[in-house]
Amino acid sequence: MTVIEARALSKAFTVSVKKGRFRRERRQTAAVDGVDLRIDRGETVGYIGPNGAGKSTTLKMMTGVLMPSGGEVTVCGLVPVKQRIRLALRIGVVFGQRSQLWWDLPLRESFALLRHIYRVPTADHAARLLRCRAMLELDEFLDTPVRQLSLGQRMRGELTAALLHGPEVLFLDEPTIGLDVVSKQAVRAFLTELGAAGDTTVMLTTHDLADIERLCRRLVIIDHGRVVHDGTLEALHARYNSRRRVVVDLDEPPPAPLTLTGATLDATELDGRRLTFGLTTGTAADVVVQVARSAAVRDISVLEPDIEDVIAKLYKNT
Amino acid sequence: MGLFNATARTMPQQKLVGQITTFWVIAASGFRRYSTYRQATVAGTFTNTVFGFLRCYLFLAVAGGAVAGGYTPGQLVTYVWVAQGLLAVVLLWGTPELADRIRTGEVTADLLRPVHPVTSMLAADLGRAWHAVLTRCVPPVLAGLIFFHPYLPARWHTVPLFALSVLFAIVITFCCRFLVNAIAYWLLDVRGPLMLWTLGAGVLSGLLFPLRFLPDAVLLPLWLLTPMPSLFQAPLDVLVERDATPVQFGIVGLQACWLVVMLLLCRLVQRRAERHLVIQGG
């Protein structure tokens, strides 16, 4: 069942550029330029792109806080801007750089307030809050005013606030930005379990590609307002020919240059004693066996394709 | 984790009951928010009381023991001290919180809640006002009672009518502040409009001096064409019983008209703003 659907969605902003002492020129800048997207119920989608690519703008249009300049978008069958208040009951949103909590109130009171605002049945609210308290370790700061929380604590509070009403779609805009390793792990573990539950649709924008690797089965990459990739991470690796690599350390350099079946020699280091092979059709074991025929192998390691390299290539090419 | 399965189930309440409950709870949160700043409350109350003495002596000196602008000295004392008490309740000069939220993009959170932003902000403001009634209003009024000879209402309906008039004044002032702050949707920086409002509101609302001191040629258009006298002059005139009973009711009736107009204007401006909105800062 399709939960989010965008057709030729676009947003242009007017920017004033100074053109002299009194003159200003107004220009249209396309932040989102004809995005087509269908996301089904229960999918976890990573929506990534370089700074200024249009990620947050897309999310704002999908949540109804920004009016599209063109195209159409529906979320849970509703038109976001027109039906924003009805939609708000069915979605949860976390903007990593903004807070939806009440600055002066303790987290516990913010959550109680949200229960009334979203009119959540008491038992549902209590059960969900209990689960969040356990998973996100909220108890130690539940009675602290939001203004006194650390970024990691606040973000865990934000995530809880976004989920207490059982949203059908969760929009996360850089939820791990600025968090330390422990907080990131807590947030990721929580989202992994949420994704595993199966029916909450999650749309995640982030610059932290570890979030994507850990959480998202599907990856949508946007640049200059346009979708430049929509598919799995594996499909992206295949598209950019990124391969697993085998690094072999030898006692002595091989007597003659090695030519292997199913792999290519990508790099030679340490005076020929460290060789890096990229796998084409063969396996890591094939490489080791073939190298061992020519030289004494001291150590081996296998490197998985690096998502950052692939994404960097993609950003440069678009 | 099954707890988080997408349900978005809401309480099986009637729509109106649910809306009233939500409004009430947001108002309570407004009260709670302001109750966290106790030292600021004490400092503000003290300042209002000190200024009450200054203003009261000034008005009594101007009146010189006679009737001025239709007010007896006792009515002027009541006018000044109750105005001092209402200063934080009606709140002409609050912090430009909404403008700041628009400028920083934090207003997004307000738009993402399933309550109309104007309704939500109004509820929170009523909670704030109720907190101010209990903390900021009582001490200056008591000071007036103890140290001066204020006029006390003689008609039975005056006090409830005054309470209603104050409620209307709070809502209309909220609307005025909302509209001034909402200029930030278009200009981002509202310091200019805010300065105009700060100056104009004090003078034209009847806070700094009773508007009845002004000539009728100025007073009548001000009463009929602007909401400004509804902010302070109206509740204070009702309380000091300056006019006959029908005029008292007429004043509150006029406030009610302005209340409806201003609330509609706020919703209209908010709707326009949302279509124009650019969320700042990514």
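Predicted, not measured: the structure shown is a model, and the values here were computed from it.

Participant: In this structure, what is going on with the overall build of chain B? I would like to understand it.
Facilitator: When its secondary structure is counted, chain B shows 12 helices and 0 strands. Starting at the N terminus and walking to the C terminus, you meet the elements of chain B as α-α-α-α-α-α-α-α-α-α-α-α. With respect to the principal axes defined by its C-alpha atoms, chain B has extents near 75 × 40 × 35 Å. In chain B, buried positions account for 51% of the 282 residues. Once local pairs closer than 6 in sequence are excluded, the contacts in chain B between residues at least 24 apart make up 82%. In the structure as shown, chain B presents an accessible area of about 13,000 Å², 72% of it carried by carbon and sulfur atoms. In chain B, which carries 20 positive and 11 negative side-chain charges, the distance between the mean positions of the two groups comes to 6 Å.

Participant: Explain the packing of aromatic side chains here, please?
Facilitator: For any pair of aromatic rings, the description rests on two quantities: the centre-to-centre distance and the angle between the ring planes. Taken as a whole and assessed by the stated rule, the structure comprises 10 aromatic pairs over all chains. Where B:Trp81 meets B:Phe148, the ring centres are 5.8 Å apart and the plane angle is 40°; that geometry is what we call tilted. Here the residue B:Trp81 occupies a position in helix H3 (residues 73-91), and B:Phe148 occupies one in the loop between helix H6 (117-147) and helix H7 (158-182), the gap between them amounting to 67 residues. Residue B:Phe148 is classed as buried on the basis of its relative accessible area, which comes to 7%. Across from the ring centre of A:Trp102, 4.0 Å away, lies the NZ or CZ of B:Arg113, which sits over that ring. Lying over the aromatic face of B:Tyr71, B:Arg242 brings its terminal NZ or CZ to 5.3 Å of the ring centre.

Participant: I would appreciate a short explanation of the interface of chain B and chain A in the present structure.
Facilitator: The extent of an interface is frequently quoted as the accessible surface area lost upon association of the parts. If you look at the interface, chain B gives 42 residues, while chain A gives 52 residues. Buried surface at the junction of chain B and chain A, both sides included, amounts to about 4,400 Å², of which 60% is carbon and sulfur. A:Glu109 is paired through a salt bridge with B:Arg32; the nearest N and O atoms lie 2.9 Å apart. In this assembly, chain B and chain A are joined by 11 residue pairs in polar contact (both at pLDDT 80 or more). Listed by contribution, the elements that provide at least two residues to the side of chain B that touches chain A are helix H1 (15-35), helix H5 (107-111) and helix H12 (245-276) of chain B. Examining the composition of the side of chain B that touches chain A, we find that 9 residues originate from one element, H1(B), more than from any other.

Participant: In this structure, what is going on with unusual backbone geometry? I would like to understand it.
Facilitator: One can expect most non-glycine residues to show negative phi and most peptide bonds to be in trans. Of note in this structure, A:Arg119 is not a glycine but carries a positive phi near 50°. Considering the arrangement of structural elements, one finds A:Arg119 in the loop between helix H3 (107-117) and helix H4 (122-135). At B:Glu241, a residue that is not glycine, the phi angle is positive and equals roughly 50°. Along the polypeptide, B:Glu241 turns up in the loop between helix H11 (233-240) and H12.

Participant: Just to check I follow, could you spell out the sheet that holds strand S9 (residues 226-232) of chain A for this structure?
Facilitator: Strand pairing in a sheet relies on backbone hydrogen bonds, with the paired strands running either antiparallel or parallel. All names here are of chain A. Read across the sheet, 6 strands follow the order S5-S6-S7-S3-S8-S9 without closing on themselves; strand pairing throughout is mixed. What marks the edges here is a single partner per strand, and that holds for strand S5 (91-95) and S9. Ignoring which end each strand starts from, the neighbouring axes of this sheet average 15° apart. Looking at chain direction, strand S3 (residues 44-48) and strand S7 (residues 201-205) are connected through 3 bridges and run parallel. Note that in S7 the partner of Thr 44 across the bridge is Val 202. Sheet strands touched by helix H10 (residues 307-317): S3, strand S8 (218-223) and S9. Its angle to S8, the strand with the most contacts, is close to 35°.

Participant: Even after reading the chapter, I still don't get the pairing of S5(A), so can you show me in this structure?
Facilitator: Regular strands have side chains that alternate between both faces of the sheet. Residue and element names in this part refer to chain A. S5 sits mainly inside the fold: 5 of its 5 residues count as buried. Sheet topology places S5 next to strand S6 (residues 169-173); 5 bridges connect them, and they run parallel. Within the sheet, the bridge partner assigned to Phe 95 lies in S6 and is Asp 173.

Participant: Got a minute to help me understand the nonpolar core in this structure?
Facilitator: Ranked by size, the top nonpolar core spans 99 residues in total, and within it A:Val75 and A:Phe171 carry the most contacts. Sort the elements by how many residues they give to this core and H7(B) lands first, with 15 residues. Sequence-distant contacts of A:Phe171, that is, excluding residues within four places in its chain, are made with A:Ile4, A:Leu59, A:Met62, A:Thr63, A:Val75, A:Ile91, A:Gly92, A:Val93, A:Val94 and A:Met203. With 53 residues, the next largest nonpolar core counts A:Leu113, A:Leu149, A:Phe190 and A:Cys216 among its residues.

Participant: Sorry if this is basic, but what is going on with a negative patch on the surface here?
Facilitator: The grouping of A:Glu213, A:Asp306, A:Glu308 and A:Asp309 at the surface amounts to a negative patch. Relative to the assigned elements, A:Asp306 resides in the loop between strand S13 (297-303) and H10.

Participant: Can you walk me through the sheet that holds strand S2 (residues 24-40) of chain A in this structure?
Facilitator: Residues and elements named next belong to chain A. Ordered in space as S2-S1-S4, the 3 strands form an open sheet in which the pairing is antiparallel. Pairing within the sheet leaves two strands with one partner each, and these edge strands are S2 and strand S4 (70-75). Across this sheet, the average inter-strand angle for adjacent strands is 25°, counted without regard to direction. Bridge analysis of strand S1 (residues 2-18) against S2 gives 14 bridges, and the strand direction is antiparallel.

How each quantity is defined
Residues numbered from 1 in each chain as written. Chains lettered and ligands numbered in written order. Predicted model: local features only at pLDDT ≥ 70, side-chain atom pairs only at ≥ 80, totals over all residues. Heavy atoms only, no water. Helix = DSSP H or I, 4+ residues; strand = E, 2+ residues; numbered from the N terminus. Buried < 20%, exposed > 50% of the residue type's maximum accessible area, 1.4 Å probe, protein only. Contact = heavy atoms within 4.5 Å. Areas by Shrake-Rupley, 256 points an atom, 1.4 Å probe, with all protein chains shown as cover. Lys, Arg positive; Asp, Glu negative; His and termini not counted. Charge placed at Lys NZ, Arg CZ, Asp CG, Glu CD. Phe/Tyr/Trp six-rings, centres within 6.5 Å; stacked < 30°, edge-to-face > 60°. Lys NZ or Arg CZ within 6 Å of the ring centre and 35° of its normal. Buried area = accessible area lost by both parts, 1.4 Å probe. Salt bridge = Lys/Arg side-chain N within 4 Å of Asp/Glu carboxyl O. Polar contact = N/O pair within 3.5 Å; in protein donor to acceptor, adjacent residues only side chain to side chain. Pairing = 2+ DSSP bridges. Axes fitted to C-alpha atoms, helices over the stretch in contact; angles between N-to-C directions. Core = buried A, V, L, I, M, F, W, Y, C linked by side-chain atoms within 4.5 Å. Patch = residues over 30% accessible without salt bridge, like charges linked within 9 Å, V, L, I, M, F, W, Y side chains within 5 Å.

Nothing here speaks to function; it is all geometry.
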